[in-house]
Amino acid sequence: MKAMDVSVEIHCETCGSANYSLPDGHGDESPIRCNDCGAPQGTIGELKAALVEQVFDHSAEALRRDLERLLAARL
Ligand SMILES: [Zn+2]
């Protein structure tokens, strides 16, 4: 199975930076902070949830394309 080509970019809501440091421990409750301005950016758990959501959206889109190809092939 081909690896999914999914990338998630999160940007600081305060300064727009994409630099983050993930905290040690990686527990779901660990806070993520912007490297540039130090603003809190939610938790590891929230980031994971956002990743799952993006993967799900990506899969749904791929399924839709497969379905369209199948339907087109039958015409
Ligand atoms: Zn920032």
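Look up: the structure comes first, before these words.
Residues numbered from 1 in each chain as written. Predicted model: local features only at pLDDT ≥ 70, side-chain atom pairs only at ≥ 80, totals over all residues. Heavy atoms only, no water.

### Remarks on the coordination of the zinc ion
Reasoning step 1: Within the protein, the atoms that donate to the zinc ion are C12 (SG), C15 (SG), C34 (SG) and C37 (SG), at distances of 2.3 Å.
Reasoning step 2: Accessibility expressed as a relative area gives 5% for C12, which makes it buried.
Reasoning step 3: Residue class for C15 comes out partly exposed when judged on its relative accessible area of 41%. (Donors = N, O, S within 2.8 Å, 3.2 Å for Na, K, Ca; no water. Buried < 20%, exposed > 50% of the residue type's maximum accessible area, 1.4 Å probe, protein only.)

### Observations concerning the side chain of S17
Reasoning step 1: Secondary-structure assignment places S17 in the segment before strand 1 (20-21).
Reasoning step 2: Among the polar contacts listed, one links the side chain of S17 to the side chain of D36, at a separation of 2.7 Å.
Reasoning step 3: Apart from the residues lying within four places of it in its own chain, the contact partners of S17 are I10, H11, C12, C34 and D36. (Helix = DSSP H or I, 4+ residues; strand = E, 2+ residues; numbered from the N terminus. Polar contact = N/O pair within 3.5 Å; in protein donor to acceptor, adjacent residues only side chain to side chain. Contact = heavy atoms within 4.5 Å.)

### Observations concerning the nonpolar core
Reasoning step 1: Listed in full, the 7 residues of the largest apolar core are C12, Y20, I32, C34, A39, I44 and L47.
Reasoning step 2: When residues of this core are traced back to their parent elements, those giving at least two are strand 2 (31-34) and helix 1 (44-73).
Reasoning step 3: Contact partners of C34, with chain neighbours within four places excluded, come to C12, C15, S17, N19, Y20, A39 and Q41. (Core = buried A, V, L, I, M, F, W, Y, C linked by side-chain atoms within 4.5 Å.)

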